[in-house]
Structure formats: C-alpha cells, structure tokens
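Each chain, letter by letter, is given below.
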Amino acid sequence: MLDMGTLSVGQYNFVGNAFSFGLAVMAATTIFLWLMRNEVAPAYRMAITITGLVTAVAAYHYLQIMMSWNAAVDISSGAVVSTGEPFNQAYRYVDWLLTVPLLLVELILVMKLTQSETWRKSLTLGGAAALMIILGYPGEVAESLGPRFIFWILSMIPFLYILYQLVIGLKDSISKQPENVQQLIKVAIYLVVASWAFYPIVYLFPAIGLTGGAAVTAVEVGYTVADIVAKAVFGLLIFMIAVRKSEHETGKASTAAKKS
Ligand code: RET
C-alpha cells in the first residue's frame, strides 16, 4: 500500500495533474478514432474500433484513479494528510488486464493474417499478457521489497515471451505486408517494445533507492506517461497503418477495375 502521508503538496498536485492529463488524452483519442473509423477500408474497422475501446477503457479508469487519488488525502490544512481511504491501485491493474491483450489483438488485426493465425496469435499473446499483469499485482501492493522482486521476476517471464514473439515471431508475417506499410508496422512494434519496457523499470523504482513521496510520484507519473505512449500514440499509429493499407488495397482494386 502506498504511504500517501509522505507526499509533499507539490508532489501530490503534480501526480493529480498527470492523471488529469492522461484522462484528457485517452478521451480525446477515443473520440478521434471512432469518428474517423469510416475513413479506413471495412477490413480494418474492427482494429480501429478496438483501438478506441482501449483508450475508452483507459479514460474510464483514469477517472476512477483520479477520484481515488482525491479521496485518499486532504490538503486543506496546507499539508498532505491521509484521510484513511486507501489510494486504489487495483484500477490500474484491472485497466491493464483489459487493455493489454486488446492492444496486442489490435496489432494482429491490422496485419490481416489468415483467420487461424489471427486466432492463434491473439490467444497466445493475449493469454501471456494477462498472466504478466496478474503476476505483477501482488508485488505492486506488497508492503516490503522482497515480494516486489519475486513477482517482478515471475511477471518478466511472460513479458519476455511476448517481446520475443513480436520481434522474432512476426517477422515472416511482416515481410508479407505491402511495402509501404512494412516500415510503419516495424515502428509500431518498436513502439510497443520501447513503451512496454518502461513498465518493469518503473515498477522497480521503489526497489532501487527511491522512497516515500518521491517513489510514489515517480511510479504514478511513470506509469501514466507509459500508458499515454502505449495506448494513445500507439493507437494513432495503428490508425495510420490502417489508412495506408486501405489506400494500397483500394488503389489496387481500382487499377484492376480499369483493366477489366
Ligand atoms: C509489471 C510488473 C513487473 C514486471 C512487468 C510488468 C509489465 C507491465 C506491462 C504493462 C503494460 C501495460 C500497457 C498498458 C497500456 O495499455 C506488471 C509492471 C514486466 C508491460 C501496455
């Protein structure tokens, strides 16, 4: 459990502002994606719908996180005083449990693989993602650093499996994509690897010397920044890939139509 009483008023407000920014970005991205859904070919609309769902689920959870953050302390005296109501970190983990498998499905859908490959990859990667989050939670809420380390190591196993599958396992499928999107898909995969790698590092902040209010601030702001990149920036990249692929395919269809 986080010791909220160790925060300064400045740190408390900074984290609150980061949550508020996170909520605004997630909500705005959702509206953009759903409004623009019909700009891509029908085959990619499911990917865009899911991308918007991910940011919608995140917007809802940021609202809950913000309310829990506000309820946990009272700053009316000019200092941060715990109200006794705990700051609920479960919202973040429930959010990840829903959105991380969806993010992977989003990436797989936009690649438009065969149906059996889509199912197989969605189930194995989505399952590994759920396991990674479930194994991380007990360490996040533990009172001491021992369990934090143990659950970090356990959670790293499915995490490394996912990264391996994305970087090595998808190589073949990427080479079958149209040339003008191969680069964008590679960027999307690198973005996943780079933004996801941030989470296990942030998780370890309290274990590598950060304490009290500084640790709480670094972890909460760190996760929020990582979420914005992994969900909103990644979602917009998926949208761009879908637009490019739609252009490529409708372009080909119209040339074919002219020939016949
Ligand atoms: C935990 C626990 C410590 C070890 C590892 C973790 C990985 C978390 C990740 C979360 C990704 C979240 C995303 C959210 C946005 O939608 C659970 C912190 C490896 C990779 C992408």
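Rules used in this analysis
- Residues numbered from 1 in each chain as written.
- Predicted model: local features only at pLDDT ≥ 70, side-chain atom pairs only at ≥ 80, totals over all residues.
- Heavy atoms only, no water.
- Helix = DSSP H or I, 4+ residues; strand = E, 2+ residues; numbered from the N terminus.
- Buried < 20%, exposed > 50% of the residue type's maximum accessible area, 1.4 Å probe, protein only.
- Contact = heavy atoms within 4.5 Å.
- Areas by Shrake-Rupley, 256 points an atom, 1.4 Å probe, with all protein chains shown as cover.
- 1 Å grid on protein atoms, 1.4 Å probe; cavity = no way out; pocket = protein on both sides within 12 Å on 5 of 7 lines; lining within 4 Å.
- Points joined across faces, edges and corners; volume = space filled by probe spheres on them.
- Nonpolar A, V, L, I, M, F, W, Y, C, P; charged D, E, K, R; others polar.
- Axes fitted to C-alpha atoms, helices over the stretch in contact; angles between N-to-C directions.
- Parallel < 35°, antiparallel > 145°, perpendicular 65-115°, else oblique.
- Left-handed = near helix turned anticlockwise from the far one by under 90°.

Asker: Where do I start with the overall build of the protein in this structure?
Answerer: When you go through the protein residue by residue, the secondary structure sums to eight helices and two strands. Each helix (α) and strand (β) of the protein, taken in turn from the N terminus, gives the series α-α-β-β-α-α-α-α-α-α. Residues counted as buried form 47% of the 260 residues belonging to the protein. Taking as baseline every contact in the protein between residues at least 6 positions apart, the subset at least 24 positions apart corresponds to 78%. When the accessible area of the protein is evaluated, it comes to approximately 12,400 Å², of which 69% is carbon and sulfur surface.

Asker: Explain the layout of surface pockets here, please?
Answerer: One simple way to see leftover space: roll a probe sized like a water molecule over the atoms. Of the volumes computed, that of the second largest pocket is approximately 170 Å³. Ranked by residue count, the leading element in the lining of the second largest pocket is helix α7 (residues 179-204), at four residues. By residue class, the composition of the lining of the second largest pocket is five nonpolar, two polar and two charged.

Asker: What should I look at first to understand the packing of helix α3 (residues 90-111) against helix α4 (residues 115-140) in this one?
Answerer: The description of two helices packed together rests on the angle between their axes and the distance between the axes. Between α3 and α4, the shortest axis-to-axis distance is 9 Å and the interhelical angle comes to 160 degrees. In terms of orientation, α3 lies roughly antiparallel with respect to α4. Classified by chirality, the crossing of α4 by α3 is right-handed. Its residues assigned to classes, the contact of α3 with α4 comprises 17 nonpolar, four polar and two charged.

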